[in-house]
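Analysis of the macromolecular model
What follows is the residue order along each chain.
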Amino acid sequence: QVQLVESGGGLVQAGGSLRLSCAASGRTLSSYVMAWFRQAPGKEREFVAAISRSTVSTDYADSVKGRFTISRDNAKDTVSLQMNTLKPEDTAAYYCAAASAGSWPGPRGHKYDYWGQGTQVTVSP
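Residues numbered from 1 in each chain as written. Predicted model: local features only at pLDDT ≥ 70, side-chain atom pairs only at ≥ 80, totals over all residues. Heavy atoms only, no water.

**Section: the overall build of the protein chain**
- Per the secondary structure count, the protein chain includes zero helices and 11 strands.
- Overall, the protein chain shows an N-to-C arrangement of helices and strands of β-β-β-β-β-β-β-β-β-β-β.
- The C-alpha atoms of the protein chain give a radius of gyration of 13 Å, which matches the 14 Å a tight globule of 125 residues would have.
- The principal-axis extent of the C-alpha atoms belonging to the protein chain is close to 40 × 25 × 25 Å.
- Taking all 125 residues of the protein chain together, 43% fall into the buried category.
- A separation of at least 24 residues holds for 60% of the contacts in the protein chain among residues at least 6 apart in sequence.
- Total accessible area computed for the protein chain in this model is approximately 6200 Å², and 47% of it derives from carbon and sulfur atoms. (Helix = DSSP H or I, 4+ residues; strand = E, 2+ residues; numbered from the N terminus. Rg over C-alpha atoms; globule rule 2.2 N^0.38 Å. Buried < 20%, exposed > 50% of the residue type's maximum accessible area, 1.4 Å probe, protein only. Contact = heavy atoms within 4.5 Å. Areas by Shrake-Rupley, 256 points an atom, 1.4 Å probe, with all protein chains shown as cover.)

Spelled out as C-alpha cells, the structure:
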C-alpha cells in the first residue's frame, strides 16, 4: 500500500507557472509508474503526464506538451509536475497516481492502483 499526497496547487494568472509535488509514504515510489491526471468541474478525469520507473520514458497529453514537465526523484519518493504558460483551461483538480505492475499504463486511468486526494489549480484569465 502506498499513500500519495499532492501539494503545490493554487491560484495563478494566465501565463504563469506552478510546480506540483506528490509525496509518497508506505512504499518506495521506484516500483511504480507515476502519472498526473486532472479533473475540471463537470468534466471527466483526463490524463496529463506519466513517467516510467527509471525516468527514461515520459508521456504527455497533447494539450500540455511543451508546457508541462513531469519528473521524479526516487531517492526522495517524490514526483513533480512543472507547469508553465498556464491557461485558464488548465484549471482543475490535479491528482497523482501510481501504477504498480504490468505494461506501460500511459493515459489509461484504470491501470493506476493508487491515487492522491488532489490539489486544486486555478488559472485566472
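Anyway, onward from the coordinates.
**What about the pattern of salt bridges?**
- A complete count under the given rule lists four salt bridges for this structure.
- Here Glu 46 and Arg 38 are joined by a salt bridge, their closest N and O atoms 2.6 Å apart.
- When its relative accessible area of 34% is taken as the criterion, Glu 46 is described as partly exposed.
- A residue is classified by how much of its surface remains accessible, and Arg 38, at 5% relative accessible area, is buried.
- Here Arg 67 and Asp 90 are joined by a salt bridge, their closest N and O atoms 2.7 Å apart. Pair noted here: Arg 67 is in the loop between β6 (58-60) and β7 (68-73) and Asp 90 is in the loop between β8 (78-83) and β9 (92-99), with a separation of 23 residues, a long-range link. (Salt bridge = Lys/Arg side-chain N within 4 Å of Asp/Glu carboxyl O.)

**Quick notes on the pairing of β8**
- Of the pairings in the sheet, the one linking strand β3 (residues 18-25) to β8 comprises six bridges and is antiparallel in character. Along β8, the bridge assignment pairs Leu 18 with Met 83.
- The sheet contact formed by β7 and β8 spans six bridges and is antiparallel. Following the sheet pairing, Thr 69 is matched in β8 by Gln 82.
- Counted along the chain from β7 to the antiparallel partner β8, the turn is four residues long, and its residue Asp 77 has a positive phi close to 55°. (Pairing = 2+ DSSP bridges.)

**What about the state of the cysteines?**
- Within this structure, the stated rule accounts for one disulfide.
- The disulfide that involves Cys 22 links it to Cys 96, with 2.1 Å between the sulfurs. Judged by the torsion about the S-S bond (-80°), the Cys 22/Cys 96 disulfide is left-handed. With Cys 22 in strand β3 and Cys 96 in strand β9, this pair connects stretches of sequence that are 74 residues apart. An identical accessibility class is assigned to Cys 22 and Cys 96; each is buried. (Disulfide = S-S within 2.5 Å.)

**Side note on the side chain of Arg 67**
- According to the relative accessible area criterion, Arg 67 is buried, its value standing at 10%.
- Ignoring any residue separated from it by four or fewer positions in sequence, one finds Arg 67 in contact with Gln 82, Met 83, Asn 84, Thr 85, Leu 86, Lys 87 and Asp 90.

**Overview of the sheet that holds β8**
- Pairing in this open sheet of four strands is antiparallel, and the strands run β1-β3-β8-β7 from one edge to the other. Since the sheet does not close on itself, it has two edges, and those belong to β1 (3-7) and β7, each with one partner. Between one strand axis and the next, the sheet turns by 15° as a mean value, whatever way the strands run.
- As paired elements, β1 and β3 share five bridges and run antiparallel to each other. (Axes fitted to C-alpha atoms, helices over the stretch in contact; angles between N-to-C directions.)

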